[in-house]
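# Structure assessment
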Amino acid sequence: MGIFSRKDDSATPATAEAAPELGALTGEYTIDPAHTSIGFVARHAMVTNVKGSFKEFSGTLHLDGADPAASTATLDVTMDSIDTGNADRDGHLKSADFFKTDEFPQMTFRSTKAEALGGDDYRITGDLTILGTTKPLTIDLEFNGAAKDPFGNERVGFEGKAQILRSEWGLTWNAALETGGVLVSDKIKLNFDISAIKNAA
């Protein structure tokens, strides 16, 4: 069951309502970094994928069970926390060739639109800022459910996927390969596994 009611064919977004038993999920949430991952995948040398993640970030969710379009999300990522499992590569990514972390220490996302697509599927669109450049990003989300953990925290979980062309944010460094193509793909896949805790009233 989704966080919002499943839309039937006769309902319009203006008339669709939340299932009554899900009304308790409406509220403010804080993303739990200990149980959340923000990852990315880039093609390397045209033949393999390199995976990485960011280890330091914070974020919030506002979930509105009565009106999905009123739900919002924010995310602030510390760029110096990038981790691809290779110290030399991480250092290069932090340098002026890529993220310029000394000058631009954070990547941010601020939602501007939320949609319920039916079932457990949702879509959130917002402004992604990297290197001081802000452009729209759309994330497809799957609601994984809600639960109360052993410590009494009310949690919700989402999985999300998106992709960007890094050149649109000014991330243009590359190197040509002798066999043709380039060292680093322009297309970057983004992956989100989010656990968020409901704030105390």
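Preceding this paragraph is the structure being described.
Starting from 1, residues in each chain are numbered consecutively following that chain's sequence as written. Thresholds applied to this predicted model are a pLDDT of at least 70 for local features of residues and 80 or more for the giving and counting of side-chain atom pairs; totals over whole chains, interfaces and linings are not thresholded and use all residues. Excluded from the side-chain calculation are hydrogens and water; included are all heavy atoms of the structure.

## Brief notes about the environment of valine 156
Note the following rule: In this description a helix means any DSSP run of H or I spanning at least four residues, a strand means any run of E spanning at least two, and both kinds are numbered starting from the N terminus. A 1.4 Å probe rolled over the protein chains alone gives each residue an accessible area, and that area as a share of the maximum for its type sets the label: buried under 20%, exposed over 50%, partly exposed in between.
With respect to the helices and strands, valine 156 occurs in strand S10 (residues 154–165). Judged by its relative accessible area of 2%, valine 156 falls in the buried class. Considering only alpha carbons, one finds valine 156 and isoleucine 194, 38 residues apart in sequence, at a separation of 8.1 Å.

## Quick word on a positive patch on the surface
Heads up, the rule is: By definition, no residue in a patch forms a salt bridge, and every one has over 30% relative accessible area; like charges are joined within 9 Å, nonpolar side chains (Val, Leu, Ile, Met, Phe, Trp, Tyr) within 5 Å. Note that accessible areas follow from Shrake-Rupley with a 1.4 Å probe, and for residues the cover is restricted to the protein chains shown. Here, a salt bridge means any Lys or Arg side-chain nitrogen found within 4 Å of an Asp or Glu carboxyl oxygen. Charged residues are defined narrowly, with Lys and Arg counted positive, Asp and Glu counted negative, and His plus the chain ends left uncounted. Here the site of a charge means NZ on Lys, CZ on Arg, CG on Asp, or CD on Glu.
A surface patch of positive charge is lined by Arg43, Lys161, Lys187 and Lys189. Note on lysine 189: relative accessible area 42%, which makes it partly exposed.

## What about the packing of aromatic side chains?
Our working definition: Aromatic rings from Phe, Tyr and Trp, taking only the six-membered ring of Trp, are treated as a pair when their centres fall within 6.5 Å; an angle between ring planes under 30 degrees marks them as stacked, one over 60 as edge-to-face, and anything in between as tilted.
Applying the stated rule across the entire model yields 3 aromatic pairs. Centroid distance phenylalanine 98 to tryptophan 173: 5.3 Å. Interplanar angle 55°. Geometry classified as tilted. With a gap of 75 residues between them, phenylalanine 98 in the loop between helix H1 (87–94) and strand S7 (106–118) and tryptophan 173 in the loop between S10 and strand S11 (184–198) connect regions that are remote in the sequence. A ring pair is formed by phenylalanine 143 and phenylalanine 158, whose centres lie 5.3 Å apart and whose planes are at 50°; its orientation type is tilted.

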